[in-house]
Amino acid sequence: MDQAAAYFQENIAPALAFNIDFKGQEKVTSLCQLITIIFSVIAFALGFILQDVLVTGYVMAVGTVILLVIALPAYPAYNKNPVTFLKPAEVKLPDLGSAKAVDIEFSN
Amino acid sequence: MFSITQRAQDVSSMITTSIGVLAVLISLSSLIQLYLNDYNNLSGEISVKKAQNSVKFTRSFGGNARNGKENVKLAFDLETDLTPLFNWNTKQVFVYLVGEYDGLNVLKKAKVAKDESSKVVFWDKIIKDKSGAVLDLKNTRSKYSVWDYYQKMGNRTANLKLEYNIQPHVGPLIWGSVDFNYPFEFPEPKNA
């Protein structure tokens, strides 16, 4: 069971994350906020003019679907600026000379 | 917003917040609409066609085997227009015909308020739509056989009025009444 969970966490979960980079996150956030405000205003205005609360509900439902379509999938447009990591540096281990590992025996 | 689950959570919080704000705005706008429609000053007409008072000795009519209870039923004509109460935020309006009359003040020694009064409901109706808001009832019989806390109802005068309760989609409940200024005297019981 533990091995299956570890295998899942290491190999399968990262592929399901659908990450986007930081510039893409900024784009998605501002776009979602804009769409939410626009649809809320339209929903209230249409509902008030037509005097029907169901119209407000339907407009907000359409707005929710549009938001999910915009935000959830990791579009390539959101991954245009990937994070650049530094190359791993060459690390020189210190020279120990003739020292070697010693087994320590504990006597009673 | 880095992973799909985080983006789903953010979208859900944005939608929930906007729905909350919309609910507040809808209820505020409907309260303003009611105020502009002058919902407190409705008028109407009523006349009681028939009234009967009979003494009942069963528990389902408020009495018991030894002491009877006077029960009143009536038939009335009612005319009123409740359209100002309906806007986009009105789910339904519950109207009920009440008779309000003074208490007997029998228990003078007990800590009973001197100005006790009773209210009985003769008839009620649920109105779901603006089209049903114009009430024009002819010879409608009361739905409930009403009785008082005390045995005596005959010869007491009641003030009839139509009270309503606006139940909105979002927002607070609103109560009001249509006063007819129609004093109605309960008749004497047939079987004493």
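Rules used in this analysis
- Residues numbered from 1 in each chain as written.
- Chains lettered and ligands numbered in written order.
- Predicted model: local features only at pLDDT ≥ 70, side-chain atom pairs only at ≥ 80, totals over all residues.
- Heavy atoms only, no water.
- UniProt positions renumbered as here; feature names shortened; annotations may be inferred.
- Contact = heavy atoms within 4.5 Å.
- Salt bridge = Lys/Arg side-chain N within 4 Å of Asp/Glu carboxyl O.
- Polar contact = N/O pair within 3.5 Å; in protein donor to acceptor, adjacent residues only side chain to side chain.
- Core = buried A, V, L, I, M, F, W, Y, C linked by side-chain atoms within 4.5 Å.
- Buried < 20%, exposed > 50% of the residue type's maximum accessible area, 1.4 Å probe, protein only.
- Helix = DSSP H or I, 4+ residues; strand = E, 2+ residues; numbered from the N terminus.
- Pairing = 2+ DSSP bridges.
- Axes fitted to C-alpha atoms, helices over the stretch in contact; angles between N-to-C directions.
- Expected span 1.5 Å × (residues − 1).
- Arc of directions from axis to C-beta.

With an unreviewed UniProt entry as reference, chain A is termed Signal peptidase complex subunit 1, source organism Ambrosiozyma monospora. The Subcellular location (unreviewed entry) field of the UniProt record for chain A holds the comment "Endoplasmic reticulum membrane".

(A) Region of interest: the interface of chain B and chain A. Listed as interface residues are 19 residues of chain B and, on the opposing side, 28 residues of chain A. Counting across the chain B and chain A interface gives 0 salt bridges. At the surface where chain B touches chain A, the tally comes to 7 residue pairs in polar contact (both at pLDDT 80 or more).

(B) Summary view of the nonpolar core. In terms of nonpolar packing, the biggest core is built from 35 residues, with B:Leu82, B:Phe122 and B:Tyr164 touching the most fellow members. Counting only elements with at least two residues in this core, the list comes to strand S1 (44-56), strand S2 (69-81), strand S3 (90-102), strand S4 (117-127), strand S5 (134-141), strand S6 (157-168) and strand S7 (174-185) of chain B. Among the elements that make up this core, the one with the highest residue count is S6(B) (5 residues). By size, the runner-up hydrophobic cluster in this structure holds 18 residues, among which are A:Ile35, A:Ala71, B:Ile15 and B:Leu22.

(C) Region of interest: the sheet that holds S1(B). Residues and elements named next belong to chain B. The sheet built from 3 strands is open, its strands ordered S1-S2-S5 with antiparallel pairing. Looking at strand neighbours, the two that pair on one side only are S1 and S5, the edges of this open sheet. Each adjacent strand pair in this sheet contributes to an overall mean axis angle of 20°, direction not counted. One ladder, built from 12 bridges, connects S1 with S2; its direction is antiparallel. Bridge pairing in S2 links Gln 52 to Lys 73.

(D) Helix H3 (residues 53-71) of chain A, seen in detail. With 19 residues, H3(A) should reach 27 Å at 1.5 Å per residue; the first-to-last C-alpha distance of 27 Å fits that figure. Taken as a whole, H3(A) has its buried residues at A:Val53, A:Val55, A:Thr56, A:Val59, A:Met60, A:Gly63, A:Leu67, A:Ile70 and A:Ala71. The arc that holds the buried residues of H3(A), viewed along the axis, is 150°, so those residues lie on one side. Exposed residues on H3(A) whose side chains face more than 90 degrees from its buried face are A:Leu54, A:Tyr58 and A:Val65. The inward-facing, buried residues of H3(A) abut helix H2 (22-50) of chain A together with helix H1 (4-36) of chain B. N-capping of H3(A) is provided by A:Asp52, with a side-chain oxygen placed 3.3 Å from the backbone N of A:Leu54.

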